[in-house]
Amino acid sequence: MLVTILYGLPGSGKTTYAESVTNAQKNARYGKVRMIDGDSYLGKKNMADAIVESVCSYKHVGMTEVIVDSLITTNNHLEILFSKLVKASDQYDDRRKKEPLTFQVLCWAENREACLWNDRGRRKVNSKITIENAPFEIPSKEVLDKFQAKLIMKDVEKKPGWQVWARQLRIF
């Protein structure tokens, strides 16, 4: 099963990407791609463990790809998530047919100005403090190689003014 980890600041386009892929799959008769929304685990004791549990559940029911949409902006967070996923998958596979996880990371480049612009009106509480202050590192070759993960870099696209305005008014 392919695990796609979306990596970037709030407002970079991670959720838009995940929703576009999973919505396209829902329209297909046998969609095998699911999204795990990290925001739905906010406040949980250990968000990484909750995400890992969801990935293993989707693996169990035969999904071919899971997209993890969460706030991951450092190599440390990425390595922790990779490690937990590999360990849980290995435990799962000990009891069933071996099916390794493969990883890809879609990383949105650091563009705090565009992220602040895009974040306006997205949620009741904006992510301005996180966007301005969260540490951000490009995924390292060392971490990617350790887990045989493919890196795909993406640019943050600044949303058109009309779209931000419409979202603020909740009409789009």
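In this text the structure is predicted, and so the values were computed from the model without any measurement. (Residues numbered from 1 in each chain as written. Predicted model: local features only at pLDDT ≥ 70, side-chain atom pairs only at ≥ 80, totals over all residues. Heavy atoms only, no water.)

Details of the overall build of the chain
Test applied: Only runs of H or I of at least four residues qualify as helices and only runs of E of at least two qualify as strands under DSSP, and these elements are numbered from the N terminus. Note on contacts: a residue pair is in contact if any heavy atoms of the two residues lie within 4.5 Å. What sets the accessible areas is the Shrake-Rupley method with a 1.4 Å probe; for residues, cover comes only from the shown protein chains.
When you go through the chain residue by residue, the secondary structure sums to 7 helices and 5 strands. Beginning at the N terminus, the succession of helices and strands in the chain can be written as β-α-β-α-β-α-β-α-α-α-β-α. Across the chain, contacts joining residues at least 24 apart in sequence account for 78% of those joining residues at least 6 apart. Surface accessibility of the chain: about 10000 Å² in total, with carbon and sulfur atoms responsible for 52%.

Side note on the pairing of strand 4 (residues 102–108)
Here is the rule: Only protein chains enter the accessibility calculation, which uses a 1.4 Å probe; a residue whose area is less than 20% of its type maximum is buried, one above 50% is exposed, and one in between is partly exposed. Pairing between strands is defined by DSSP: at least two bridges between them are needed.
In terms of burial, strand 4 is largely enclosed, as 6 of its 7 residues are buried. Sheet topology note: the strand 1 (residues 2–7)/strand 4 ladder contains 6 bridges and is parallel. Paired with Leu 2 across the bridge in strand 4 is Thr 102.

Description of the pattern of salt bridges
Worth spelling out the cut-off: Between Lys or Arg on one side and Asp or Glu on the other, a salt bridge is scored when a side-chain nitrogen of the former is within 4 Å of a carboxyl oxygen of the latter.
The full count for this structure, using the stated rule, is 4 salt bridges. Residues Arg 112 and Glu 110 are paired through a salt bridge, measuring 2.7 Å at the closest nitrogen-oxygen approach. Since its relative accessible area comes to 42%, Glu 110 is described here as partly exposed. We note a salt bridge from Lys 141 to Asp 145, for which the minimum N-O separation is 2.6 Å. Linking Lys 141 with Asp 145, this pair stays in helix 6 (residues 141–146), spanning 4 residues, or about one helical turn. A relative accessible area of 62% means that Lys 141 is categorised as exposed.

Section: helix 4 (residues 112–119)
Let me state the cut-off plainly: Throughout, the arc means the angular range of directions from the helix axis out to the C-beta atoms.
Listing the buried residues of helix 4 in full gives Ala 114, Cys 115, Asn 118 and Asp 119. Axial view of helix 4: buried residues confined to an arc of 130°, hence all on one face. Taken from the residues just after helix 4, Gly 121 is the one with a positive phi, measuring 80°.

Details of the environment of Leu 71
Secondary-structure assignment places Leu 71 in the loop between strand 3 (65–69) and helix 3 (75–94). Look at Leu 71 and you get partly exposed, because its relative accessible area is 44%. Apart from the residues lying within four places of it in its own chain, the contact partners of Leu 71 are Gly 8, Leu 9, Pro 10 and Thr 130.

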